[in-house]
Amino acid sequence: MTGVQTCALPIFPVTIACLGVGTDGTTVDYVVVAGGAAGGSAFTRGGAGGGGAGGMKSGTGLTVTATTYTVTIGAGGTTYTVPAATSDNGTASSFGTLVTTTGGGRGGGVNSINGVNGGSGGGGGSSTSAGGSGVSGEGNNGGAGSFSGGKFGRQAGGGGGGKGTAGTASSGLVGAAGGAGAANPISGSTTGQLSGGIYYLAGGGGGSGGLGNHAAGGLGGGGTPNNNNTAASSTFSNGLENTGGGGGGGGYTSAGTYLYFGKGGSGVVIIKWRFQ
C-alpha cells in the first residue's frame, strides 16, 4: 500500500507513519512547487510580461524517518489595487528542511522593465526588455518583451517561464505564450491542470500585447491575459491555485480599457510513501 498526502495553503504538518519494511519503506516520492508570480502591469497602451511559474522539484527515494515534518506552501504573487501597481513574486514552498523551491519571478511592465528572476523567470515588459532568469533544476527563463515603434499599443510582453520550457519572446505588438509546465509524476495524484489524461504543474503566465493581442499561459496553470479582467476583483487572468502557475500580464483592451494583471497560483506539496 501507499499513502499520498497533498497539501495546500498555507502551512501543514505532515506526519509520516507506518513506514513499510525494506529499503523502499524508509523513502518517499515527492513534488514541491512554489507559488507562481503575478504578471506585470501596463502603464500605457501596451502589454506586460507574464509571471514566472513557481520553482518545481520532484523525485523518488528521498530518505525520511517516521516523524512530523512542517510543510510550507508558497502563496502566489498578488497586489492589484490599481492596474499599474507593481506586482509580486511568488513565495517559497518546502517539505521540512529536505526540499525547498523558489517562488516565481514577476512579469515586467512596459517601459523597459525587465522580468524578475525566480524559480522560473518573469516575462519581460515591452521595449525589448529581458525576461528574468529561472533557477537551475527548478524552472526556466522568461521571454523578452518587444516594441514595434509608434506611441500606443505597439509594445508586448514576453511569456513567463515554466518548469518544462522557457517563456516565449514576444514580437511586435503581439504578446508571447508562457512556458509549459511539467507533468505531475506522482501516480494516483489528480493535482494540476488536466490535459490528455495527464496533470501538469508550474506553467508560466502569458504575455499581453498592445490593444488586446494577448497570448496563452503555459500548460500547468499559467494564466492567460483576458479582456474581461478590468476590475481588482477579477480572476480571469490568474494562475491556477495549487499549481504554481504564473499570472497573465496586464495591458489594454482594443477598446482602450486597462487590464489588471493576473495573480500567481499557489504552490503545492505532494508526498507519497509506502505503508507497512
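Residues numbered from 1 in each chain as written. Predicted model: local features only at pLDDT ≥ 70, side-chain atom pairs only at ≥ 80, totals over all residues. Heavy atoms only, no water.

Trainee: For this particular structure, what's the right way to read unusual backbone geometry?
Mentor: For residues besides glycine, phi is generally negative; the peptide bonds are generally trans as well. We note that alanine 202 has phi near 65°; this positive angle belongs to a residue other than glycine. Within the element layout of this structure, alanine 202 appears in the loop between β12 (198-201) and β13 (251-252). Residue classification places alanine 202 among the buried positions, given a relative accessible area of 0%. Unlike most non-glycine residues, asparagine 242 shows phi in positive territory, near 60°. (Helix = DSSP H or I, 4+ residues; strand = E, 2+ residues; numbered from the N terminus. Buried < 20%, exposed > 50% of the residue type's maximum accessible area, 1.4 Å probe, protein only.)

Trainee: What exactly am I supposed to notice about the packing of aromatic side chains here?
Mentor: Within the structure shown, the criterion is met by 1 aromatic pair. Measuring from centroid to centroid gives 5.0 Å for tyrosine 69 and phenylalanine 95, while their planes differ by 45°, and the two rings are tilted. Here tyrosine 69 is found in strand β5 (residues 68-72), whereas its partner phenylalanine 95 is found in strand β6 (residues 93-95), with 26 residues between them in sequence. The same class applies to tyrosine 69 as to phenylalanine 95, namely buried. (Phe/Tyr/Trp six-rings, centres within 6.5 Å; stacked < 30°, edge-to-face > 60°.)

Trainee: Explain the environment of phenylalanine 147 here, please?
Mentor: Locating phenylalanine 147 in the fold gives a position in strand β8 (residues 146-147). The spacing of phenylalanine 147 and glycine 157 is 10 residues in sequence and 9.1 Å in space, taken between C-alpha atoms.

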